[in-house]
Amino acid sequence: MNRYRLSHLRELEAEAIHIFREVAAEFERPVLLYSVGKDSSVLIRLARKAFAPAKVPFPALFIDTSFKFPEMYTHRDEYLTSIGIECFTYTNPEGPSLDMNPFDFSTQQCCSVWKTGGLLKGLTEHGVDAAFGGARREEEKSRAKERIYSFRDTQGQWDPKNQRPELWNLYNARRKPGETIRVFPLSNWTELDVWQYIHLEQIPIVDLYFARERDMVERKGLLLPADPRARPQEGEVKTVKCRFRSIGCVPCTGAIRSEADTIPKIIEELMVERVSERATRAIDHDQEGSMELKKREGYF
Amino acid sequence: MTRLVEQHQSANTLRFSTCGSVDDGKSTLIGRLLHDCKAAFEDQLAAAKRLTNNESVRAAGEEIDFSLLTDGLMAEREQGITIDVAYRYFSTPRRKFIIADTPGHEQYTRNMATGASTASLALILIDARKGVLTQTRRHAFITSLLGIRHCVVCVNKMDLVDYSQQVFDEIVSEFSDFATRLNVPDLEFVPLSALKGDNVVEQSTRMPWYVGKPLLRLLEDVHTGSDRNLIDFRYAVQYVIRPDLDYRGYAGSVASGIVRKGDEVMVLPSRKKTRIARIDTFDGELEEAYPPMSVSLCLEDELDVSRGDMIVHPRNQPHVTRHFEAMVVWLGERKLRVGGNYWVKHTTQSVRAKIESLRYVVDVNTLSRDPEAQGLELNGIGRVVISTVRPLYVDAYRDNRSTGSFVLIDLLTNATVGAGMLIERQPEDELPSAIAEWHDEVDAPKETSSADLVGSEERAARLRQKPVTLWLTGLPASGKREVAHALDRLLFEAGHFAHVLDGRAVRGGLSHDLGFSPGDRAEHLRRVSAVAKTLNDAGLITIASFVSPTRVIRSRARELIGEQRFLEVHVASPLEWSEARDRAGTYERARSGELLHVPGVNAPYEAPTSPAIVLRPDESGFEAAAKALLSLLAEGGFLRGPDSP
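Since the structure is predicted, the reported quantities are computational estimates derived from the model, not experimental observations. (Residues numbered from 1 in each chain as written. Chains lettered and ligands numbered in written order. Predicted model: local features only at pLDDT ≥ 70, side-chain atom pairs only at ≥ 80, totals over all residues.)

### A look at the overall build of chain A
Phase 1 of the analysis: Looking only at helices and strands, chain A has eight helices and ten strands in total.
Phase 2 of the analysis: Burial status across chain A gives 53% buried among its 300 residues.
Phase 3 of the analysis: The long-range fraction of contacts in chain A, counting pairs at least 24 apart against all pairs at least 6 apart in sequence, stands at 75%. (Helix = DSSP H or I, 4+ residues; strand = E, 2+ residues; numbered from the N terminus. Buried ≥ 20, exposed ≤ 12 C-beta atoms within 10 Å, placed from the backbone. Contact = placed C-beta atoms within 7 Å.)

This is the structure in structure tokens:
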């Protein structure tokens, strides 16, 4: 009965490859936004699959916030070099000049300069008209309505009421000068799908995702890395076996207590997990609807 | 546990759409599914619990308003409605589910269509207290229009009608009656209460009279495998992969059918045939590929293939056409304009297209058709005729969702303004062809004319004449018709057989649907030429009397009828003379601006450069002109006397 029937994962894979090829055919200067995270690692694999045996016909772009985990920089350099993908790094020059950080400023202000500002300027700098991102609709309520081709105006901003209907697998790529799109080939993937795919495909993943003994501090219910910049109090730091479910900047990425030190164990853990992955992101629950507000400004 | 991991890797997917408004309890039902399948997380539940202040929810003794798990955008929560398609995900050990959650209000027909376009099953909600509403009918119609073959009707809020079997049965019966007018082969009904959880995941004990499955079980069990088209291989080339000069792979997705290594294939539009040398993927070569796989095909011969081309099996080809009819759901704020131009995006092709006509608009609430409608408004559904500047490779939507669907894009705003589904019938001659150019069908079957069966020599011998078309061209009222009929009389007297094709007479029958724009005029003359040729094939002499003002039009007529059988006759009466004797008022109306495109007045008339003969009936009279034509025919060897061998 299952002959000529693709499994769930292979169907998602086929859909993503189709999207990569459509964009490569219809846009001038695409880039793949690579954050080192699990989702962008899957994106890289899918991009290679879409164009094999040729090389991926566009570069990766890494937006550096200067607060990323050191492991992320190492993994980026080693992994991308090993598979021969060119990667540009962009840092918003306003970040250092304002000495922007999440301790003296709010997390929103920090994100707005380093992430959103860095992303928008980086895209402009490289003349990008289509940026692949690893966002998934399952992640957050406002993302549930995101299109696969997400249109941004000349300021890079997203207007939820002015998105194009997407029917079948027909994507409307027509745009005016200055308009850009964000493309989300993983729109229909869940966190579990991503991990199962990483397992199935044996995709190298940064060590932060695996449970290890780490020095952490506990603040406002979040388990955060004991980074010196976070100025940990005397006796606040403790060693906890934990892993990161979603990775970003050191000061704002919470960990979960976990014993999962292999991919199958991570998958098992997810199957019984009852907290959504973004619950460990400090920025998302600053206020109800904060993701939607960020997206409107130009963030993912 | 590892077994569980693998089980999930091999599970297949069901994509379904949900239609209904907040009032039907749709968000609550989805929230319930997510919650009971553990796809809603504790932090999301806690947030929903914090925000729950809906009295009916509290009154039902529930702690959580499940709809809060799903209504995503702030604007929606403010308005208490769902304004866009939202996608949700959950899974059971047996299947993974993708929900396209669409709003139910009338103004959101476009969202319903969007959500339904990728679904294989539709879930329709009915409030048990309200029964089948106008909105329910609209949902069912759109489900059917978008080609969804499985439909589950959830009769919700059974707790508010005391779990009454009678209420349920009445709704089933009313909906079933309506559904007979639609094309939904698999229809199921479930009585449930999303709020209380009856028959959602677990079988309810409060409705022992219901012997069917609970909703989730139905969704797990529904067999959608046979919905896919595995017969007709269609492969639209997306991208050409050329890492070096030795390798050329055509990247694309298998839209339908199965392709195997070694298969003979044909590439459209070139119609060149070759074989599949390899089916490549990143993970290695494959022996065969099927939908919806994304692969790369290498061909045995080096052909010129690019994006937009289609690879098919030579014995199973799509229709190659520039003209088609389709049902269109209008998504744009500005209404569809008949005669308007749009981009059509179909498979991997983007071509310019013109809306030739609007056959009718469907009232989605009553299913009645309005053939008088002048345009298609936002959320309207209508049947249109479309012409494209280049041929598309199409199938009917009901046979092939991929090659049967397209979107329309506004030329100025770039917005996606229409979603189209091709209609099965492909009768080009039935189209009201206000078609601007003549087209050469790439794969038009070679015509079998009657002449092939009874030889033209035989007919010529019997009728003592060789068939020919005399094509009389000239200004309106220049005397073409009078000369034509005078010649017909002369031929008849001499024992020959001719027939006059006259503009005015033919217009009333053959071309009653056409106007006088250059495009319509071209199509009118194409039809006339085909008839002239048919008469010639039957052995008759055709006397065609048409203004036919351009050289292009006349040379097309010459091509279609055949060089050997075509004599161009210029009826060259001057404009003043023609205008003075014009009783139909054509010139007068043209000069007053009432008529457009009148050659000689407000449109050019291009005189023939090398006609077989030039007539001046204004000087010679009609009889003399007709006699001159008779001599021309005799000299050309088209006529034989009763005694000649």
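### Describing the overall build of chain B
Phase 1 of the analysis: In terms of helices and strands, chain B carries 19 helices and 29 strands.
Phase 2 of the analysis: Here chain B holds 645 residues, and the buried ones make up 45% of them.
Phase 3 of the analysis: Within chain B, residue pairs in contact and separated by at least 24 positions form 73% of the contacts whose partners lie at least 6 positions apart.

### Details of the sheet that holds strand 10 (residues 256–257) of chain A
All names here are of chain A.
Phase 1 of the analysis: As summarised here, the arrangement of the four strands in space is 8-7-9-10, forming an open sheet in which the pairing is antiparallel. Each of the sheet's edge strands pairs with one partner strand only, and the pair in question is strand 8 (222–225) and strand 10.
Phase 2 of the analysis: Two strands pair when backbone bridges link them, and strand 9 (residues 238–243) and strand 10 are joined in this way by two bridges, in the antiparallel orientation. Residue pairing across strands places cysteine 242 opposite arginine 257, the latter belonging to strand 10. (Pairing = 2+ DSSP bridges.)

### Some remarks on the interface of chain B and chain A
Phase 1 of the analysis: Counting residues at the interface gives 59 residues for chain B, matched by 53 residues for chain A.
Phase 2 of the analysis: Ranked by residues supplied to the side of chain B that touches chain A, first place goes to helix 1 (residues 2–10) of chain B with six residues.
Phase 3 of the analysis: Among the residues forming the side of chain B that touches chain A, the class breakdown is 31 nonpolar, 18 polar and ten charged. (Nonpolar A, V, L, I, M, F, W, Y, C, P; charged D, E, K, R; others polar.)

### Examining the nonpolar core
Buried together is how nonpolar side chains tend to be arranged in soluble globular proteins.
Phase 1 of the analysis: Leu32 and Val183 of chain A together with Ala122, Ile124, Cys154 and Val155 of chain B are the most contacted members of the largest nonpolar core, which has 188 residues in total.
Phase 2 of the analysis: The element contributing the most residues to this core is helix 1 (residues 8–26) of chain A, with nine residues.
Phase 3 of the analysis: One finds Val483, Leu535, Ile553 and Val571 of chain B within the second-largest nonpolar core, a separate group that totals 37 residues. (Core = buried A, V, L, I, M, F, W, Y, C linked by C-beta atoms within 7 Å.)

### Concerning the domain arrangement of chain A
Residue and element names in this part refer to chain A.
Phase 1 of the analysis: With domains assigned, chain A is organised as domain 1 (8–191) and domain 2 (195–280).
Phase 2 of the analysis: One C-alpha centre belongs to domain 1, the other to domain 2, and the line joining them spans 23 Å.
Phase 3 of the analysis: Each partner contributes to the interface: domain 1 provides 22 residues, whereas domain 2 provides 25 residues.
Phase 4 of the analysis: Contributing elements (two or more residues each) for the side of domain 1 that touches domain 2: helix 2 (38–51) and helix 3 (70–83).
Phase 5 of the analysis: Residue classes in the side of domain 1 that touches domain 2 are distributed as nine nonpolar, six polar and seven charged. (Domains from an automatic or database assignment.)

### With respect to the pairing of strand 3 (residues 87–90) of chain A
Residues and elements named next belong to chain A.
Phase 1 of the analysis: One ladder, built from four bridges, connects strand 2 (residues 60–63) with strand 3; its direction is parallel. Bridge pairing in strand 3 links leucine 61 to phenylalanine 88.
Phase 2 of the analysis: This β-α-β element, strand 2 to helix 3 to strand 3, shows right-handed connectivity. (Right-handed = clockwise from strand over helix to strand, strands pointing away.)

### A few points about the domain arrangement of chain B
Residues and elements named next belong to chain B.
Phase 1 of the analysis: As assigned here, chain B comprises domain 1 (2–225), domain 2 (234–312), domain 3 (319–425) and domain 4 (457–635).
Phase 2 of the analysis: Spacing between the C-alpha centres of domain 2 and domain 3 amounts to 29 Å.
Phase 3 of the analysis: Each partner contributes to the interface: domain 2 provides eleven residues, whereas domain 3 provides nine residues.
Phase 4 of the analysis: Where the side of domain 2 that touches domain 3 is concerned, the elements lending two or more residues are strand 7 (234–241) and strand 8 (249–256).
Phase 5 of the analysis: Looking at the side of domain 2 that touches domain 3, the element that brings in the most residues is strand 7, giving four residues.
Phase 6 of the analysis: Among the residues making up the side of domain 2 that touches domain 3, the classes are represented as six nonpolar, three polar and two charged.

### Comments concerning unusual backbone geometry
Phase 1 of the analysis: Of the consecutive residues leucine 268 of chain B and proline 269 of chain B, the connecting peptide bond is found in the cis state with omega at 10 degrees.
Phase 2 of the analysis: Mapped onto the fold, proline 269 of chain B is located in the loop between strand 10 (264–268) and strand 11 (272–281).
Phase 3 of the analysis: Omega for the peptide link from proline 291 of chain B to proline 292 of chain B comes to -5 degrees, which places this bond in the cis form.
Phase 4 of the analysis: By the secondary structure assignment, proline 292 of chain B is in the loop between strand 13 (288–289) and strand 14 (294–299).
Phase 5 of the analysis: Residue valine 36 of chain A is not a glycine yet carries a positive backbone phi of 80 degrees.
Phase 6 of the analysis: In this fold, valine 36 of chain A is placed in the loop between strand 1 (30–33) and helix 2.
Phase 7 of the analysis: Residue valine 36 of chain A is classed as buried on the basis of its C-beta count, with 22 C-beta atoms lying within 10 Å.
Phase 8 of the analysis: Unlike most non-glycine residues, serine 548 of chain B shows phi in positive territory, near 30 degrees.
Phase 9 of the analysis: Its location among the elements puts serine 548 of chain B in the loop between strand 27 (541–545) and helix 15 (551–561).

### Some details on helix 5 (residues 107–125) of chain A
All names here are of chain A.
Phase 1 of the analysis: Taking 1.5 Å per residue as the helical rise, helix 5 with its 19 residues ought to reach 27 Å, and the 25 Å between its terminal C-alpha atoms agrees with that figure.
Phase 2 of the analysis: Of all the bends found along helix 5, the most pronounced is centred on glycine 117 and spans about 35 degrees.
Phase 3 of the analysis: Taken as a whole, helix 5 has its buried residues at Cys110, Cys111, Ser112, Trp114, Lys115, Thr116, Gly117, Gly118, Leu119, Leu120, Gly122 and Leu123.
Phase 4 of the analysis: Downstream of helix 5 by one or two residues, glycine 127 has phi in the positive range, about 60 degrees. (Expected span 1.5 Å × (residues − 1). Bend = angle between axes of the 7 residues up to and from the residue.)

### Examining the pairing of strand 25 (residues 469–473) of chain B
Residues and elements named next belong to chain B.
Phase 1 of the analysis: With five of five residues buried, strand 25 is to be regarded as a mostly interior element.
Phase 2 of the analysis: Residues Thr469, Trp471 and Thr473 point to one face of strand 25 and Leu470 and Leu472 to the other, with burial holding for every one of them.
Phase 3 of the analysis: The pairing of strand 25 with strand 27 spans four bridges and is classified as parallel. Pairing of leucine 470 across the sheet is with isoleucine 543, part of strand 27.

### Points about the confidence of the model for chain B
All names here are of chain B.
Phase 1 of the analysis: Per-residue pLDDT for chain B averages 85, and the proportion of residues at 70 or more is 84%.
Phase 2 of the analysis: Every residue in residues 426–451 is under pLDDT 50, and counting partners more than four places away or in other chains gives 40 contacts.
Phase 3 of the analysis: Our summary of model confidence lists the complex with pTM equal to 0.75 and ipTM equal to 0.89. (pLDDT = per-residue confidence, 0-100.)

### What about the sheet that holds strand 28 (residues 566–571) of chain B?
Residues and elements named next belong to chain B.
Phase 1 of the analysis: Read across the sheet, five strands follow the order 26-27-25-28-29 without closing on themselves; strand pairing throughout is parallel. Both edges of this open sheet fall to strand 26 (498–502) and strand 29 (613–615), since each of them pairs with a single strand only. The sheet shows a mean angle of 20 degrees between the axes of neighbouring strands, taken without regard to direction.
Phase 2 of the analysis: Packed on one face of the sheet, helix 19 (residues 622–635) meets strand 25, strand 28 and strand 29 and runs near 170 degrees to strand 29. (Axes fitted to C-alpha atoms, helices over the stretch in contact; angles between N-to-C directions.)

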